[in-house]
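Residue strings, one per chain:
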Amino acid sequence: MMIDAVLFYVFAAIAVASAVVVIGQRNPMYSAFALVVTLCSVAVIFGLLGSPFIAVLQVIVYAGAIMVLFLFVLMLLNVKREKDSPSRGQRTLSGVALALVTVLVLQAGAVLLRSRPTPAPDYDASTFEMAKILFSPHFLYAFEATSILILAALVGAVVLAKKEL
Amino acid sequence: MENPAFVHHAVVLSLILFALGTLGVFLRRNVITVLMCVELMLNGVNLAFVAFSRAQGTLDGQVLVFFVMVVAAAEAAVGLAIVIALHRHRDTLDLDAFNLMKG
Amino acid sequence: MTPLAEELLVTFVKIVIVVGALLGGFSVMTWVERRSLAFMQYRLGPNRTGPFGILQPIADGIKLFFKEEVMPVAANKWTFLAAPVVAVATALLATAVIPYGPPFEAFGRTLQIQIADIEVGLLFIFAVTALGVYGVVLAGWAANNKYSLLGGLRSSAQMFSYELALGFSWVTLILAARSFRINDIVDTQAGGFWHWNVVVHFPAFIVYFLAATAEVARIPFDLPEGESEIVAGFHTEYASMRFALIQMAEYINMITVTVLLANLFFGGWHSGVPGMPESLGGFPLGFVWWGLKVAFFLFVFIWLRGTLPRFRYDQLMQFGWKVLIPVAAVWVMTFAVLWVVVGGGPR
């Protein structure tokens with residue numbers, strides 16, 4: 001559909017622009033706001049790719065929970081703007097180099113994959129189908145294990161952040 | 001349903017987001033911003049998973065995204081708790097300040 | 001017209017109707033609330049502008065419009081400007097997936113006043129209310145004022161906590177309807193009123209009602225704006241139209257949770273009386289039942305405000321985490337077991 005394609009490129013542009021703001025800002029508060037915008041536009045793209053469940057999950061988990069946690073900590077610690085540091089130029093250089101290498105390697109992989117003929121499958125990513133896969137024996141134990149992971153993270157966070165128990 | 005043409009471009013977008021996240025980890029000196037850049041990288045990966053899942057016509061990629069999100073939530077909770085503990089000890093969030101194994 | 005253009009036109013008209021109705025509902029609600037509260041307290045309330053004071057919202061609007069826009073010197077300019085917009089945008093976004101009244105036949109097609117009937121409807125509302133926290137956090141932080149920040153932190157912690165209970169209360173409904181789509185959940189309640197979810201899922205209803213009251217920060221859970229402690233909470237520094245926007249967001253949220261209450265627990269547009277005709281002279285009666293239910297529950301929120309005192313903040317958090325969420329969790333497990341026993345089970 002035409003509209004889907006147009007929306008995809010619009011939100012892709014928004015995602016990239018706000019991601020640039022995330023890494024270019026010295027004020028962490030603005031970085032956090034920009035990251036929320038990136039996450040929401042990626043959620044829209046998930047929706048356009050035909051996975052409404054993942055799209056909504058992205059907003060609930062990332063934008064609604066994780067980023068609020070970040071903002072809470074930023075407000076709590078009253079974080080200031082970043083100062084200049086002596087190693088800045090060197091870090092920028094190595095960062096750009098690594099990012100470029102990553103892109104090239106991964107792009108090569110993507111090109112290889114593209115040369116494979118992709119079928120035009122009957123794609124049904126409804127919540128019902130998702131649940132069937134998630135609760136199939138293949139993923140069920142991993143799913144149950146994540147609940148233990150979350151519990152461990154919860155206890156760990158409380159132990160680390162609390163002044164005295 | 002036909003595969004839309006932008007599935008390949010979604011993979012490219014995921015690359016760009018991942019690369020920007022990598023760059024941010026190097027560029028920024030604030031622990032919290034660095035953590036946010038890691039989230040950005042994870043998001044790039046998630047987008048690649050969803051795009052490949054769409055191209056392949058299977059849902060396994062989406063289930064993996066689900067697990068990545070769970071791990072990201074746990075990571076953020078523990079990571080921010082560590083940041084708070086660090087801030088209590090050293091009164092700064094600058095990564096360069098944390099250069100001792102014992103403090 | 002091509003099918004696509006037709007679809008776009010229909011959607012556009014729906015958006016205009018829903019947003020218009022919500023804005024109208026917001027202004028009428030401010031008047032109804034002030035008048036009813038006044039009567040509950042042996043006062044008259046606003047009764048000067050127009051018959052019974054019905055034009056009071058317009059007068060308020062004109063006043064707010066011409067007031068000076070004040071911004072604190074130390075405020076963070078862009079964030080301060082963005083906060084009310086974010087609040088209203090998220091509030092309006094949540095209204096997009098809710099059905100307002102029954103499907104009806106008109107212009108040779110089946111129509112329903114619902115902007116988007118998406119598959120993950122309830123989850124979408126959950127996601128957008130999660131985003132609603134940002135409006136409050138931004139407003140509280142940007143003003144650079146102690147009371148604003150305290151109010152913002154209180155408010156976001158409260159919304160955060162009660163959102164969990166709110167989501168939990170929906171789980172059994174989703175389980176019974178096998179769908180996140182609000183229309184499907186309404187349709188499971190067709191027939192007599194004993195099919196309504198308020199009967200079948202009574203504990204879930206109690207949890208939803210209390211959590212929704214707290215989520216939209218109405219008395220007795222309006223701690224974010226505890227005037228006697230923190231001036232006006234996160235919107236202390238807001239004046240004129242920006243203040244009006246924040247108020248609007250709050251009222252729209254209240255209307256959203258009320259419409260959801262009627263749809264999810266009280267049978268939506270189903271009358272609850274077996275044998276009641278579907279329509280009268282071509283007019284679908286569902287709108288009447290639905291409207292009555294929504295109006296009644298909007299009034300209940302005002303009634304609560306006129307009746308109950310405010311909680312203390314620690315009581316509020318204790319109640320949310322130690323009472324509502326455990327009750328909701330136990331009910332989910334109980335219902336799941338019962339559901340399998342009576343043969344609901346997986347498909």
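Remember, predicted model here, so these are calculated numbers, not experimental data.

Moving on, we get to unusual backbone geometry. Residues and elements named next belong to chain C. Even without being glycine, Tyr 42 reaches a positive phi, approximately 55°. Positionally, Tyr 42 belongs in the loop between helix H1 (3-40) and helix H2 (56-66). In this structure, Arg 178 is a non-glycine residue whose phi angle is positive, near 55°. Inspection of the secondary structure assignment puts Arg 178 in the loop between helix H5 (146-177) and helix H6 (182-187).

Taken together, the contacts link 24 residues of chain C with 22 residues of chain A. Buried surface at the junction of chain C and chain A, summed over both partners, amounts to about 2000 Å²; 83% is from carbon and sulfur atoms. Inspection of the chain C/chain A interface yields zero salt bridges. Seen at the junction of chain C and chain A, the total is two residue pairs in polar contact (both at pLDDT 80 or more). Taken together, the elements giving at least two residues each to the side of chain C that touches chain A come down to H1, helix H4 (121-142) and H5 of chain C.

Facing 85 residues of chain A, the contacting portion of chain B comprises 71 residues. Across the chain A-chain B interface, the total number found is zero salt bridges. For the pair chain A and chain B, the number of links is seven residue pairs in polar contact (both at pLDDT 80 or more). Secondary structure elements with two or more residues in the side of chain A that touches chain B: helix H1 (2-24), helix H2 (28-48), helix H3 (52-77), helix H4 (88-115), helix H5 (127-134) and helix H6 (137-161) of chain A. It is H4(A) that provides the largest number of residues to the side of chain A that touches chain B, a total of 15 residues. In terms of residue class, the side of chain A that touches chain B is made up of 56 nonpolar, 16 polar and 13 charged.

So, about the packing of H3(A) against helix H2 (residues 31-56) of chain B. Running from N to C, H3(A) and H2(B) cross one another at 175°; their axes reach a closest spacing of 12 Å. On the basis of the axis angle, H3(A) is roughly antiparallel to H2(B). Between H3(A) and H2(B), the residues in contact are Ile54(A), Gln58(A), Tyr62(A), Ile66(A), Met67(A), Phe70(A), Val73(A), Leu74(A) and Leu77(A) and Ile32(B), Leu35(B), Met36(B), Glu39(B), Leu42(B), Asn43(B), Asn46(B) and Val50(B), respectively.

For the rest of this paragraph, the subject is H3(A). All names here are of chain A. Compared with an ideal rise of 1.5 Å per residue, which puts 26 residues at 38 Å, H3 spans 36 Å between its outermost C-alpha atoms and is within 8% of the ideal. At Met 67, H3 shows its strongest bend, of approximately 30°. Judged by how many residues are buried, H3 sits mostly within the fold: 20 of 26 residues are covered. Of the residues flanking the end of H3, it is Asn 78, one or two places downstream, whose phi is positive at about 50°.

All names here are of chain C. At a closest axis distance of 9 Å, the pairing of H5 and helix H12 (residues 313-341) adopts a crossing angle of 15°. Here H12 runs roughly parallel to H5, going by the angle between their axes. As for the relative orientation of H5 and H12, their crossing is left-handed in sense. Here the residues of the contact of H5 with H12 are counted per class, giving 22 nonpolar, four polar and one charged.

To continue, consider the confidence of the model for chain B. For chain B, the average pLDDT comes to 83, and 92% of its residues sit at 70 or higher. Model confidence for the complex is summarised by a pTM of 0.86, with the ipTM given as 0.87.

Tracing the sequence through the fold places Arg54(B) in helix H2. Despite its burial, Arg54(B) pairs with no opposite charge; the closest candidate is Asp4(A), at 7.1 Å N-O. A polar side-chain atom of Arg54(B) sits 3.1 Å from the main-chain carbonyl oxygen of Leu49(A).

About the thresholds
- Residues numbered from 1 in each chain as written.
- Chains lettered and ligands numbered in written order.
- Predicted model: local features only at pLDDT ≥ 70, side-chain atom pairs only at ≥ 80, totals over all residues.
- Heavy atoms only, no water.
- Helix = DSSP H or I, 4+ residues; strand = E, 2+ residues; numbered from the N terminus.
- Contact = heavy atoms within 4.5 Å.
- Buried area = accessible area lost by both parts, 1.4 Å probe.
- Salt bridge = Lys/Arg side-chain N within 4 Å of Asp/Glu carboxyl O.
- Polar contact = N/O pair within 3.5 Å; in protein donor to acceptor, adjacent residues only side chain to side chain.
- Nonpolar A, V, L, I, M, F, W, Y, C, P; charged D, E, K, R; others polar.
- Axes fitted to C-alpha atoms, helices over the stretch in contact; angles between N-to-C directions.
- Parallel < 35°, antiparallel > 145°, perpendicular 65-115°, else oblique.
- Expected span 1.5 Å × (residues − 1).
- Bend = angle between axes of the 7 residues up to and from the residue.
- Buried < 20%, exposed > 50% of the residue type's maximum accessible area, 1.4 Å probe, protein only.
- Left-handed = near helix turned anticlockwise from the far one by under 90°.
- pLDDT = per-residue confidence, 0-100.
- Lys, Arg positive; Asp, Glu negative; His and termini not counted.

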